[in-house]
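The lines below spell out each chain.
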Amino acid sequence: MTSFNTFSIIKRNVIIAFLSGIMQCTDDISEIWIVSPWVSVIERWQDTFDKFYSTFDSFIKRIDRKKINVTIVTRSPTSDTENSFIQKFEEIETARILFLQTLHAKIYICENKKMDFAIIGSPNFTTKSISNIEVGLFINAIQDGKKIIEDLIETCNDIISLKKCVYHKKRPLIIKSI
């Protein structure tokens, strides 16, 4: 990430900021968490930092090529757009997908060697969130942000351990060399 403030309010394109952050540091990422009741493929976006355009397919290919662990927690898909999103991640060996019908939380975390970051807020991981009025709190893992991100990761692990949370796809255990 190019910004190292511990906390920042994002008032526009919250999901794009998350995707842009991931595209900035993919080589160092160990885990990506996408916790959102509704999901869709965001086909193409202009990167928040470098102003270049990225595509969802390049995002997926990079995750797959780098063997980045991805955890998706969402509601069971009820539309073609939601199914399309799930299908993209079904093809990734290191992805795990879980369904939780009562999910309302929106948590996005990128764990990476240099500096973890997270976003919590109102937007679902959907194309529609780009045109909606949404707000997110961007958190860098420095100072107080480090503890908050650790708590968010713990919260995500608590969510996936709920009995109501059903695995759609488990990932094999992949041990990365340090």
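To keep things clear, this report deals only with the structure shown in the data block.

Parameters and conventions
- Residues numbered from 1 in each chain as written.
- Predicted model: local features only at pLDDT ≥ 70, side-chain atom pairs only at ≥ 80, totals over all residues.
- Heavy atoms only, no water.
- Axes fitted to C-alpha atoms, helices over the stretch in contact; angles between N-to-C directions.
- Helix = DSSP H or I, 4+ residues; strand = E, 2+ residues; numbered from the N terminus.
- Parallel < 35°, antiparallel > 145°, perpendicular 65-115°, else oblique.
- Left-handed = near helix turned anticlockwise from the far one by under 90°.
- Contact = heavy atoms within 4.5 Å.
- Nonpolar A, V, L, I, M, F, W, Y, C, P; charged D, E, K, R; others polar.
- Buried < 20%, exposed > 50% of the residue type's maximum accessible area, 1.4 Å probe, protein only.
- Lys, Arg positive; Asp, Glu negative; His and termini not counted.
- Salt bridge = Lys/Arg side-chain N within 4 Å of Asp/Glu carboxyl O.
- Pairing = 2+ DSSP bridges.
- Phe/Tyr/Trp six-rings, centres within 6.5 Å; stacked < 30°, edge-to-face > 60°.
- Core = buried A, V, L, I, M, F, W, Y, C linked by side-chain atoms within 4.5 Å.

On to the packing of helix H1 (residues 14-24) against helix H2 (residues 56-66). For the pair H1 and H2, interaxial distance at closest approach is 11 Å and the crossing angle is 45°. As far as their axial angle goes, H2 and H1 are oblique. Classified by chirality, the crossing of H2 by H1 is left-handed. Of the residues in H2, those touching H1 at Leu 19, Ile 22 and Met 23 are Ser 58, Phe 59 and Arg 62.

This next bit is on the packing of H2 against helix H3 (residues 80-90). In the contact formed by H2 and H3, the axes pass within 10 Å of each other and the chain directions differ by 30°. With respect to H3, the element H2 is oriented roughly parallel. Across the interface between the two elements, Phe 56, Asp 57, Phe 59, Ile 60 and Ile 63 from H2 touch Phe 85, Lys 88 and Phe 89 from H3. Each residue belonging to the contact of H2 with H3 can be placed in one class, and the counts come to six nonpolar, no polar and two charged.

With that settled, the discussion passes to the side chain of Glu 82. Counting through the fold element by element, Glu 82 comes out in helix H3. Buried charge without a partner: Glu 82 forms no salt bridge, and the closest opposite charge is Arg 75, 8.1 Å away. Setting aside residues up to four positions removed in sequence, Glu 82 forms contacts with Trp 38, Val 39, Ser 76 and Pro 77.

So, on to the sheet that holds strand S2 (residues 29-35). Spatially, eight strands are ordered S1-S9-S8-S7-S2-S5-S6-S10 in an open sheet, and the strand pairing comes out mixed. Both edges of this open sheet fall to strand S1 (7-10) and strand S10 (166-169), since each of them pairs with a single strand only. Taking the axes of each pair of neighbouring strands and ignoring which way they run, one obtains an average angle of 15° across the sheet. Bridge count for strand S8 (residues 117-121) against strand S9 (residues 136-140) is five bridges, and the pairing is antiparallel. Bridged to Ile 120 within S9 is Leu 137. Where H3 meets the sheet, its contacts fall on S2, strand S5 (69-74), strand S6 (95-99) and S10, and the angle it forms with S6 comes to roughly 145°.

Going through the model one piece at a time under the given rule, you end up with nine aromatic pairs. Aromatic side chains Phe 18 and Phe 117 sit 6.0 Å apart centroid to centroid with 65° between the ring planes, which places their arrangement in the edge-to-face category. Within this pair, whereas Phe 18 is found in helix H1, its partner Phe 117 is found in strand S8, the two being separated by 99 residues in sequence. Here the two residues Phe 18 and Phe 117 agree in accessibility, since each one is buried. Seen in terms of ring centroids, Tyr 108 and Phe 125 are 5.9 Å apart; in terms of plane orientation they differ by 50°. Their pairing is tilted. Of this pair, Tyr 108 sits in strand S7 (residues 107-112) while Phe 125 sits in the loop between S8 and helix H4 (128-131), and the two are 17 residues apart along the sequence. Residues Tyr 108 and Phe 125 agree in their burial class; the two are buried. Through a chain of ring-to-ring contacts, three or more aromatic side chains come together here, namely Phe 18, Phe 56, Phe 59, Phe 85, Phe 89, Tyr 108, Phe 117, Phe 125 and Phe 138.

Counting residues in hydrophobic clusters, the biggest one holds 36 residues, and the most contacted among them are Phe 18, Ile 32, Phe 59, Phe 85, Phe 89 and Phe 125. Put simply, the parts of the chain that give this core at least two residues each are H1, S2, H2, S5, H3, S6, S7 and S8. A per-element tally of this core places H1 first, with eight residues. Leave out the neighbours within four places in its chain, and Phe 125 touches Ile 15, Phe 18, Leu 19, Ile 34, Ser 36, Trp 38, Val 39, Ser 40, Ile 42, Phe 56, Phe 85 and Tyr 108.

Keep in mind these numbers describe shape, not what the thing actually does.
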